[in-house]
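Here is how the chains run, residue by residue.
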Amino acid sequence: MAKKKKKKPIVRFLGFVVSFFKDDRFRYAMGIVFLLAAIFMILSFISYLLNWKTDQDFEWAKVFSGPEIEVENSGGKLGAWLADLFINQWFGLASFLFPGILAIWAMSLYRINLLKIWKAVRNSFILIVLISITLGLLFGDAGGMFGSGPGGQHGYFLSKWLLASIGYFGTVFLLLICYTAMILFSTSFLEWIRVQKNPFNIPVTDVSDNEQLGVDTLETIPEEQSAEETRTEDDPPPDEDHTTPPIDSPISSGAPDPARKDDVEMTIEDVSVTNPDDINPDEGALVEYDPTLDLPKFQYPPLSLLKDYDQGDTTVTNEELISNKNRIVETLGNYNIKIEKIKATIGPTVTLYEIVPAPGIRISKIKNLEDDIALSLAALGIRIIAPIPGKGTIGIEVPNQNPRIVSMKSILASKKFQDADMELPIALGKTISNETFVFDLTKMPHLLVAGATGQGKSVGLNAIIASLLFKKHPAQLKFVMIDPKKVELSLYSKIERHYLAKLPESEEAIITDTQQVIHTLNSLCGEMDDRYNLLKSAQVRNIKEYNTKFINRKLNPNKGHRFLPFIVVIIDEFADLIMTAGREIEHPISRLAQLARAIGIHLIIATQRPTTNIITGVIKANFPARIAFRVTSMIDSRTILDGSGADQLIGRGDMLFLSGNEPVRLQCAFIDGPEIEEVTDFIGEQRGYPSAMMLNPVEEEGGMGPAVDLDKRDDKFEEAARLVVQHQQGSTSLIQRKLSLGYNRAGRIVDQLEAAGILGPFEGSKARQVLVQDEFSLEQILSNLS
C-alpha cells in the first residue's frame, strides 16, 4: 500500500497562519487593541492642547530615550510625538477624528455594526482633509497656535495654495461644494432626516407610509462550536474556528435578507415593459423599504434561554473502539473477508467504522453480514453503507455504548448555522462525523417527517421551529400550525401576534378542528393564487425576486403589491387528518406541494404511522426531502425513504435525512418543553402586531369538493343511494365495504350523492347526514334525475 505523501512544511505553516488570522480570538484581541489605541490617542491629543508649547516638535528619536528627557503630555513621550505629528505636522484639530476611526474598527471587529464601516472610514478621511483646509483658511497659523495653527501644516499650506490659485471666494465655493457632495452621498445624513421625521421610531402599519425607516437591527456576534473532523497527523490544521464566544447574544439572520441594505445593491433595470400602474411613485428614493420596521425594537431570543446538555467532546473510550474494531475484523475474517485498513469516526450517538477490503472482495458479501456483525458486537442499530458515496470505502455504523445528547443550544451557537447563507436555515443536529447539519427549507422545498411513537418526531419538529425563530424576524416569516392532538404545538400560541397566521373566524391560532384545517388549507391555496398574480404583475418568477423589487420601491403598494413573508405550514399527526377528512385534506395539500414553492409557502408534515394509505404516491412525489426516525418494520422504512435503514435506527433522536440519493444519519438536537416555553415567553412578552396574520377565507362550493355533473353519474350511484338510505349512514367507508369499491371511486359517489341532495355536507370526523329518510322519497329523487 502506497504511503501517504506528507505535506510540505511551508504548506503546513501557511495553513497555521491562515487559521490563526481567522480565529475569533485574534479578531477580539485586535478589537481591544484598536479601542485602547483610540483612548490613548484621545488622551494624548487633549494633553497636547494644554501643553503644546512644551511638547512642540517632539522627535521620534527621543521617544525611546532615557529618563533625562521629560514631557508634559499625559501619554508620555510616545503620546507627545503622536500628538505633535497629527496636530502640528498633519491635520490640526481635525486629527481628533482618527481615534473615532479606530473605535469604529474596534466595534466592527465585535460585529457591532452601528455604521457601515468602510463608508464611515471613507467619509471620516474626507472630513479630516476638508476640516483641516477650512481651519487653515479661517485661522492661518493663528500666531503659531499648536505649532502650525488649528489646521496643522497640511491645512495651512493647502489653504495658502488654494488662495493663490483660485482666490478666497473660489476656495470657499470649492469647500462648500465638497461639503455638500459629502453630505448628499452620506447615508448617515439621510438617516438623520428620517429620525427628524419620526424621532420616536413609531411603527407604521400602512404599507404606503412605510418609508419612515427605523434604526437598523443590531448585528450580532456569531457563536460557533463545531466538532473537529477526525484527521491524520499529516493533515494541515483546519481553517475552521473552534472557539465559542459569549452565547448570550441573539442570532441575526445569516440568510441574504433583502430587507437589509448591506445585502441589496442598487441596480438599474429596464422598466419599459412594466405595467405603468405597477410602478411605485416612490421609485428612485434613496432609502429602501424595510419590512422589519413594523416591529423595530423586536429582539431575537438569546441562547441563554436554552440548556446545554453536552457532556463533552466524546464519550467513547479507546477500549470500546479497539474492542469493536477487533470484533468487526474477527467476524469478517470468519467469512474469509480480509481488511486492509479500518478507520473510526466518532459521532454523538454512532461511530462510523470505514473499512477498505482486500482486492477481490465483493461488496454484497459484506452487506449480507449485517446481522452477524450486530450479533458479534451485541448491539442494535448496526447499519452497513456499501459503499460510502464519494469515498470508495465501506461504512459500518455502530451505536455508542454511552450516547451523547446534542443540545439545541450548541447547534444554534455553531458558526455553520449563524453564517448560513440561506433563506430559511434549519439546524437539525449533528452527523456521525460530529458536524452541525444545516439545510435550507426553500431548497427542499417541503419536508415529510415520520417515525414511530416516542422516537423523537415531536422534538424534531420543535428543533425545526426553534431554528427559524432564532433566525427570522416576524415580518419575514409566518407559521400556520395544525395540531389535531391539541397538545404538541400548544406552547406556540404565545407567539400568535408575532409569527402565526390563521383565519379571521378562528378563535385559536393553533388549529385543532378538522373542519378549520380544511378551511385553512383552502385559504392557503387562495393565498398561493393571489401571490402568483402579484408575481405575474411584477414580471418576476419567485418570491425572492419579487421582494427584492418591492424593497427597491419598484412596485406600487397602491396597486395591491406588498412585501410577502415566507409561510411555513406545520402539520402534526397527518394520519389523523387523512382518516377523518381524506380527499378534502389531500387535495389542497397536493396543490400546495406542487405549486407553492416559488411563492414562499412550504409544508412540513409529520406522522407516526408511515403507511401507504397515509403517505400516498402523490404526497411522496412532492416531498423529496424526508426525515425518518426509528420505525418498527422495513416496510415502513421503504414507505418513507424508498429503502431500508429507518428500521435499524436506535431511537431517541437517531434519524435519517433524505434529500438526494443517499440518506444522511443524524442525531437530532434536543430541545425540551421548558426551553420552548422560555423562548415563546421571551417573544410573546415583546410588542407584536395587533393580531395574527389573517388569511383570506375562500368560498367553498359543493361541500369542499369539485363541481359535480350529475349527468355523468357513476354506474353504482343508485345502488349506493339505496345503501346509505337503508343504513341512514353517509360514509365513504360504508360504500367501499358494501360495494367493494376503491376509496377514490367511493369518494366521487359521495360527492354525487351530496350534489343530488341525498347526503349533507362534510362535517369533519362525523359521518355525513342522510337527508332522505325513506326509500319512497329516494325513488322520487332518482326518477327526477333520469
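Presented here is an overview of the structure given in this document. Everything numeric in this text was worked out from a predicted model, so none of it was measured. Throughout this document, residue positions are counted from 1 along each chain, in the order its sequence is written. Thresholds applied to this predicted model are a pLDDT of at least 70 for local features of residues and 80 or more for the giving and counting of side-chain atom pairs; totals over whole chains, interfaces and linings are not thresholded and use all residues. Values shown for side chains rest on all heavy atoms present in the structure; no hydrogens or waters enter the calculation.

Here the focus is the overall build of the chain. Helix and strand definitions here come from DSSP, where helices need a minimum of 4 consecutive H or I residues and strands a minimum of 2 consecutive E residues; each element is numbered from the N-terminal end. In terms of helices and strands, the chain carries 25 helices and 15 strands. Type-normalised accessible area, obtained with a 1.4 Å probe on protein chains alone, sets the label of each residue: buried when under 20%, exposed when over 50%, and partly exposed for intermediate values. The buried share of the chain, reckoned over its 786 residues, is 50%. Counting contacts in the chain only where the partners sit at least 6 residues apart, residues at least 24 apart contribute 70% of the total. Each accessible area is a Shrake-Rupley estimate made with a 1.4 Å probe; only the visible protein chains count as cover when residues are assessed. Carbon and sulfur atoms make up 56% of the accessible area of the chain, which totals about 37600 Å². Whether two residues are in contact is decided by their heavy atoms: any pair within 4.5 Å suffices.

What follows covers the environment of E527. By secondary structure assignment, the location of E527 is in helix α15 (residues 514–538). Among residues more than four places away in sequence, those in contact with E527 are R562, I567, I601 and M693. Counting of polar contacts relies on pairs of N or O atoms within 3.5 Å, with two restrictions inside protein: one atom must be capable of donating a hydrogen and the other of accepting it, and residues adjacent in sequence are counted only when both atoms are side-chain atoms. Of the polar contacts made by the side chain of E527, one reaches the side chain of R562; its length is 2.8 Å.

Here the aromatic set is Phe, Tyr and Trp, taking the six-membered ring for Trp, and pairing holds for ring centres within 6.5 Å; pairs whose planes are under 30 degrees apart are stacked, those over 60 apart are edge-to-face, and all others are tilted. Taken as a whole, this structure holds 17 aromatic pairs when the rule is applied. Between F437 and F439 the ring centres are 6.3 Å apart and the planes differ by 45 degrees, which places this aromatic pair in the tilted class. Residue F437 is classed as buried on the basis of its relative accessible area of 15%. For the pair F479 and Y499, a centre-to-centre distance of 6.3 Å together with 55 degrees between the ring planes defines the contact as tilted. Taken as a pair, F479 in strand β8 (residues 477–482) and Y499 in helix α14 (residues 496–499) lie far apart in primary sequence, 20 residues in all. The residues F479 and Y499 share a single accessibility class, namely buried. Clustering of aromatic rings is evident, with ring pairs tying together F45, F86, W90, F91, F96, F98 and F125.

Before going further, it helps to examine the sheet that holds strand β11 (residues 601–607). Strand order in this open sheet of nine strands is β6-β5-β14-β13-β12-β7-β11-β10-β8, and the pairing throughout is mixed. Edge positions in the sheet fall to β6 (436–440) and β8, since each has one partner strand and no second. The sheet shows a mean angle of 30 degrees between the axes of neighbouring strands, direction not considered. At least two bridges found by DSSP between two strands are what make those strands a pair. With four bridges connecting them, strand β7 (residues 447–450) and strand β12 (residues 625–629) associate as parallel partners. Counted as the bridge partner of A450 is A628 from β12. Docked against the sheet, α15 engages β8, β10 (566–571) and β11, running at close to 155 degrees with respect to β10. Axis definition: a line fit to C-alpha positions, over the contact stretch in the case of helices; interaxial angles, taken between N-to-C directions, run 0 to 180 degrees.

Taken across its five residues, strand β13 (residues 654–658) has five buried, putting it largely inside the fold. Side chains of β13 alternate between two faces, with D654, L656 and L658 and M655 and F657 buried alike. Here β12 runs beside β13; their pairing, made up of four bridges, is antiparallel. Note on β13: the bridge partner recorded for A628 is L656. Note: β13 against strand β14 (residues 664–668), four bridges, orientation antiparallel. Counted as the bridge partner of L656 is R665 from β14. Where β13 folds back onto β14 in an antiparallel hairpin, the turn is made up of five residues.

Here the focus is the nonpolar core. Membership of the largest hydrophobic core comes to 119 residues, with the highest contact counts inside it found for L428, L447, F479 and I585. Core analysis: the second largest hydrophobic core is formed by 22 residues, L710, L723, L778 and L782 among them. By nonpolar core we mean a set of buried residues, namely Ala, Val, Leu, Ile, Met, Phe, Trp, Tyr and Cys, connected to one another through side-chain atoms within 4.5 Å.

By this rule, a helix spans an expected 1.5 Å times one less than how many residues it contains. Here helix α3 (residues 76–90) spans 20 Å end to end across 15 residues, near enough to the 21 Å set by a 1.5 Å rise per residue. Bend angle per residue: angle between axes fitted to the 7 residues ending at that residue and the 7 residues starting there. The sharpest bend along α3 measures roughly 30 degrees and falls at D84. Where burial is concerned, most of α3 is hidden: eleven out of the 15 residues are buried. Positioned one or two residues after α3, G92 has a phi angle of 70 degrees, which is positive.

Moving on to the sheet that holds strand β1 (residues 339–346). Read from one edge to the other, the open sheet built from four strands follows the order β1-β2-β4-β3, with strand pairing classed as antiparallel. Across the chains shown, the open sheet's two edge strands, defined by having one partner strand only, are β1 and β3 (383–385). Direction aside, neighbouring strands of the sheet carry axes that sit 20 degrees apart on average. In this fold helix α8 (residues 318–334) packs onto β1, β2 (350–357) and β4 (394–399), with an angle of close to 40 degrees to the strand it touches most, β2.

With that settled, the discussion passes to helix α6 (residues 152–184). Between its first and last C-alpha atoms α6 spans 27 Å; for 33 residues at 1.5 Å apiece the expected length is 48 Å, and the helix comes up short by more than 12%. At I166, α6 is deflected by roughly 110 degrees, the largest bend along its length. When we look at burial in α6, the residues that qualify are G152, G155, S159, L162, T171, L175 and M182. Along its buried surface, α6 packs onto α3 and α5 (117–139).

Bear in mind that shape data such as this cannot, by itself, settle questions of function.
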